[in-house]
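# Breakdown of the fold
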Amino acid sequence: MKIFENYSLAELNTFHIDVRSNKFIVVEKVDELDNLIDFVELSSGKFLILGGGSNILFTKDFDGTILHLSFNQLSELKSDDRFVYIKAEAGVVWDELVKYSVDKNLGGIENLAMIPGTVGAAPIQNIGAYGQELKDSLFEVEYIDLTDKKIKTISNEKCEFGYRDSIFKKSLRDKFIITSVILRLSKNPVPVLNYGNVSNELSKSGIDKPTIKDVSNIIRKIRTEKLPDPNQIGNAGSFFKNPIIDENKFESIKEKYPDVPSFRQENKIKIPAAWLIEKSGLKGYKKGNIGTYPNQPLVIVNYGKASGKEILEFAQLIQSTVFEKFQIQLEPEVNII
Ligand code: FAD
Ligand code: EPU
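Each value, and the rule that gives it
Residues numbered from 1 in each chain as written. Chains lettered and ligands numbered in written order. Predicted model: local features only at pLDDT ≥ 70, side-chain atom pairs only at ≥ 80, totals over all residues. Heavy atoms only, no water. Near = heavy atom within 4 Å. Polar contact = N/O pair within 3.5 Å; in protein donor to acceptor, adjacent residues only side chain to side chain. Areas by Shrake-Rupley, 256 points an atom, 1.4 Å probe, with all protein chains shown as cover. Helix = DSSP H or I, 4+ residues; strand = E, 2+ residues; numbered from the N terminus. Nonpolar A, V, L, I, M, F, W, Y, C, P; charged D, E, K, R; others polar. Expected span 1.5 Å × (residues − 1). Buried < 20%, exposed > 50% of the residue type's maximum accessible area, 1.4 Å probe, protein only. Contact = heavy atoms within 4.5 Å. Domains from an automatic or database assignment. Buried area = accessible area lost by both parts, 1.4 Å probe.

## Focus on the site of ligand 1
Taken together, the neighbourhood of ligand 1 is formed by 34 residues, with Ile49, Gly51, Ser54, Thr118 and Arg223 sitting nearest. Isoleucine 49 is positioned such that a nitrogen or oxygen atom in its backbone is 2.6 Å from an oxygen atom of ligand 1. Take glutamine 125: an N or O atom from its side chain is 2.9 Å from an oxygen atom of ligand 1. In isolation ligand 1 exposes 980 Å². Once the protein is present, 93% of that is buried. Elements with a minimum of two residues in the shell around ligand 1: strand S3 (47–49), strand S8 (128–129), strand S12 (176–186) and strand S13 (234–238). Residues of the shell around ligand 1, tallied by class, amount to 17 nonpolar, 14 polar and three charged.

## A few points about helix H4 (residues 212–226)
A rise of 1.5 Å per residue sets the reference length of H4, with its 15 residues, at 21 Å; its end C-alpha atoms lie 21 Å apart and thus fit the reference within 8%. Of all the positions in H4, only Ile212, Val215, Ser216, Ile218, Ile219, Arg220, Ile222 and Arg223 are classed as buried. Looking at the buried residues of H4, the elements they touch are helix H2 (94–103), S8 and helix H3 (198–204).

## Remarks on unusual backbone geometry
Located in the positive-phi region is asparagine 105, a residue other than glycine, with phi close to 55 degrees. Within the secondary structure, asparagine 105 sits in the loop between H2 and S8.

## Here we look at the site of ligand 2
Near ligand 2 lie 23 residues; those nearest to it are Tyr163, Tyr195, Glu278, Lys283 and Gln296. Between ligand 2 and tyrosine 130, the relevant distance is 2.8 Å, taken from an oxygen atom to a main-chain nitrogen or oxygen of the residue. At 2.9 Å, a side-chain N or O of lysine 226 approaches an oxygen atom of ligand 2. When residues are assigned to domains, the shell around ligand 2 turns out to be shared by domain 2 (74–186) and domain 3 (234–336), each giving three or more.

## Thoughts on the domain arrangement of the protein
According to the domain assignment, the protein contains domain 1 (2–69), domain 2 (74–186) and domain 3 (234–336). A C-alpha centroid distance of 27 Å is found between domain 2 and domain 3. If you look at the interface, domain 2 gives four residues, while domain 3 gives six residues. The largest contributions to the domain 2 side of the interface with domain 3 come from Gln125, Tyr163 and Arg164, which together make up 84% of the buried area.

Shown next, in the form of structure tokens:
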């Protein structure tokens, strides 16, 4: 365990907001958490787990203790005719897990290539991209329940997974530390090609019978072209979730904009927040050091040394402009601290 005081978080969040944490503790072994849990002020809100900082916006210094979990073992637990069960500890970098499984031709998370951050954070918003979500391959999550300080295992079915949602954002909110994730990956992978331009891009590259490695690589290419690299331009990916609206609301938008893109979700309709932002005249909009990324306006970027507060105000301006035009309230995906 390593303990630091008055610690700069500038390199530990992908918006590169230069704030400090009162205490910053790097937890190197799961067992170290036992004693720490009594030590940090758990219930006072002065306690935070920070993974890769790729889905977080700090609006001020953190007046408390941040725990950064660095334990990162990967192990194969068991396998049967169809599946291999892999246990990944919370500190594993998510994309390293994707590379590991693709290299072994184990299917299930190959379309989630290049999502920044750690394994420990992945179940919280059920990370998803290009037609796959974590829930499709997740078997179990191990976590410490902060209400009784016991290590517990929760099955996929009990995680209440939804679009960018899980039990960790609902009844377990602020009451858990995820210590590891167990995935169930397929030994006979079937490429998932139904999202956007994945098939087209594969054809353009002359690949007609893609392996999961081909799919993963083409998604890496698409993402590199579309999304800003946080090492170059600060951002946290999509700032807002795509709104899910009812049929009546959708029809009223369609009357005015017959070409509105949409995706059916049971009896509701998901429409791209990027489209709403673009139609509100805010694609590529820039104010001072902050803007919407010209290729993907759902991504808010920090072009310079913007503060977290300024970024939050910018996000609120987007919300109010979209609301004025469409009467739809965009909900942040990013965790605002
Ligand atoms: P952090 O930002 O460190 O933390 C996020 C939240 O989880 C915080 O509330 C934190 O307290 C909590 N937390 C973290 N670890 C733990 C733990 N072990 N136990 C308890 N709580 C914990 N997301 C997608 O779903 N799909 C995408 O395609 C995608 N693309 C992205 C592209 C870019 C360029 C960027 C910057 C982000 C993107 N994201 C995407 C968002 C982000 O990568 C994911 O949400 C990721 O899972 C966050 O991981 P992290 O370790 O950085 O979490
Ligand atoms: N669009 C526009 N204008 C634009 C860009 C996009 O109108 O400038 C519309 C188009 O209709 C396009 C649609 O938005 O078809 C969807 O765009 P895109 O495929 O880029 O995906 P997204 O819905 O904006 C979501 C996730 C991403 C994930 C991609 C790929 C959310 C909030 N975001 O973005 O996740 O990588 O799909 O699956 O669901 C993240 O969560 O941080 C993230 C980056």
